[in-house]
Amino acid sequence: MNSFAMVGAGGRMGRTIIRLSRDFTDRRGAPLTLSGALERADSPHAGQDAGLLSGGPELGVLVTGDAETALRGARVAIDFSAPESSLAAARVCRRLGVGLVVGSTGLTPAERSELESAAADIPLLIAPNMSLGVNILFHLTAVAAEALANGYDVEVTEAHHHHKKDAPSGTAVRLKEILLETLKRSEADVTYGRSGMPGARPAREIGVHALRGGDVIGDHTVFFFGEGERIELTHRATSRETFARGALNAGAFIAGAAPGLYSMRDVLGV
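Residues numbered from 1 in each chain as written. Predicted model: local features only at pLDDT ≥ 70, side-chain atom pairs only at ≥ 80, totals over all residues. Heavy atoms only, no water.

Some words on the overall build of the protein
Looking only at helices and strands, one finds nine helices and twelve strands in the protein. Rg of the C-alpha trace for the protein: 19 Å, near the compact-globule value of 18 Å for 270 residues, within the 12% margin. Seen along its three principal axes, the alpha-carbon backbone of the protein occupies a region of about 60 × 40 × 35 Å. Separation of charge centres in the protein, based on 28 positive and 31 negative side chains, amounts to 2 Å. (Helix = DSSP H or I, 4+ residues; strand = E, 2+ residues; numbered from the N terminus. Rg over C-alpha atoms; globule rule 2.2 N^0.38 Å. Lys, Arg positive; Asp, Glu negative; His and termini not counted. Charge placed at Lys NZ, Arg CZ, Asp CG, Glu CD.)

Here's what the structure looks like:
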């Protein structure tokens with residue numbers, strides 16, 4: 001039976017993943033069972049039963065601040081914490097031979113590079129957004145950008161709840177990366193927000209804009225503005241459960257994978 005450890009067990013995503021894992025089976029009908037729960041050593045959740053923390057019955061798994069304790073015995077760790085915690089978990093996973101799924105956002109290029117180095121020894125998946133719909137949005141964005149490479153202005157907007165700490169979101173950053181790769185442009189062509197008198201919009205510019213407010217779970221839109229028409233590719237999340245189910249499917253996939261770097265495309269087979 002495959003088991004997983006939850007890194008960031010006390011967070012909104014961590015609690016949701018733990019709750020949904022009780023009834024989860026992967027596409028082969030196999031369960032993914034919680035075996036460990038990790039939080040900061042000073043977390044008020046330390047010592048609590050992870051099942052009760054997630055709003056369900058006891059699971060007999062206590063939240064701990066010790067990574068070795070939480071991760072030992074798991075086939076895979078699912079991480080929704082913060083970059084520093086993700087890197088610390090990756091080091092322990094690498095030492096113990098535990099696969100890792102990282103959903104944390106806000107990683108710097110150096111942090112991502114360090115994370116990716118663990119793929120030499122363990123199966124590793126890093127995804128800014130694990131929902132099926134968002135990963136289809138990534139695919140459609142590449143298709144549209146290739147077809148509309150000339151004569152269209154491209155902008156990306158994202159909206160999230162007022163508690164979100166990083167901006168732009170990891171999903172918006174991935175959309176930007178896809179646009180840069182497909183349109184053969186560079187980071188120098190990206191504008192993050194506008195103010196003052198920026199002047200006329202350069203033809204190669206890609207705008208990225210972040211909105212924050214209320215309880216918005218996550219909205220992302222890619223605009224292609226042409227003369228006399230525009231195309232909008234939009235994904236709106238109405239429940240965190242879609243991300244949690246995606247993370248559990250990713251965890252089940254990584255639990256049975258060989259060492260290497262994987263993406264949600266591998267999980268979904270697209």
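Description of the packing of helix α6 (residues 132–147) against helix α7 (residues 170–183)
Between α6 and α7, whose axes approach to 9 Å, the crossing angle comes to 25°. Comparing their axes, α7 and α6 come out roughly parallel. In this structure, α6 meets α7 at a crossing whose hand is right-handed. For the pair formed by α6 and α7, the contact residues are Val 134, Leu 137, Phe 138, Thr 141, Ala 142, Ala 145 and Glu 146 on the first element and Thr 171, Arg 174, Leu 175, Ile 178, Leu 179, Thr 182 and Leu 183 on the second. (Axes fitted to C-alpha atoms, helices over the stretch in contact; angles between N-to-C directions. Parallel < 35°, antiparallel > 145°, perpendicular 65-115°, else oblique. Left-handed = near helix turned anticlockwise from the far one by under 90°. Contact = heavy atoms within 4.5 Å.)

Concerning the pattern of salt bridges
Counted by the stated rule, this structure contains 21 salt bridges. Two residues, Arg 201 and Glu 155, come together in a salt bridge whose shortest N-O distance is 2.7 Å. Of this pair, Arg 201 sits in the loop between β8 (190–192) and β9 (206–212) while Glu 155 sits in strand β7 (residues 153–160), placing them 46 residues apart in sequence. Note on Glu 155: relative accessible area 8%, which makes it buried. Among the ionic pairs, Lys 176 bridges to Glu 187, the shortest N-O distance being 2.9 Å. Within this pair, whereas Lys 176 is found in helix α7, its partner Glu 187 is found in the loop between α7 and β8, the two being separated by eleven residues in sequence. By relative accessible area, Glu 187 is classed as partly exposed at 39%. Salt bridges sharing partners connect three or more residues here, namely Asp 153, Glu 155, Arg 194, Arg 201 and Glu 205. (Salt bridge = Lys/Arg side-chain N within 4 Å of Asp/Glu carboxyl O. Buried < 20%, exposed > 50% of the residue type's maximum accessible area, 1.4 Å probe, protein only.)

Re the sheet that holds β8
One open sheet holds the five strands; their spatial order is β8-β9-β7-β10-β11, and the pairing between them is mixed. Edge strands, defined here as strands with exactly one partner in the open sheet, are β8 and β11 (229–237). The average angle at which neighbouring strand axes cross in this sheet is 15°, direction not considered. Relative to β11, strand β10 (residues 218–226) is paired through nine bridges, and the arrangement is antiparallel. Looking across to β11, one finds that Gly 218 is bridged to Ala 237. (Pairing = 2+ DSSP bridges.)

Some thoughts on a nonpolar patch on the surface
Taken together, Leu 132, Ile 136 and Leu 140 make up a surface patch of nonpolar side chains, about 250 Å² in accessible area. Here Leu 140 lies in helix α6. (Patch = residues over 30% accessible without salt bridge, like charges linked within 9 Å, V, L, I, M, F, W, Y side chains within 5 Å. Areas by Shrake-Rupley, 256 points an atom, 1.4 Å probe, with all protein chains shown as cover.)

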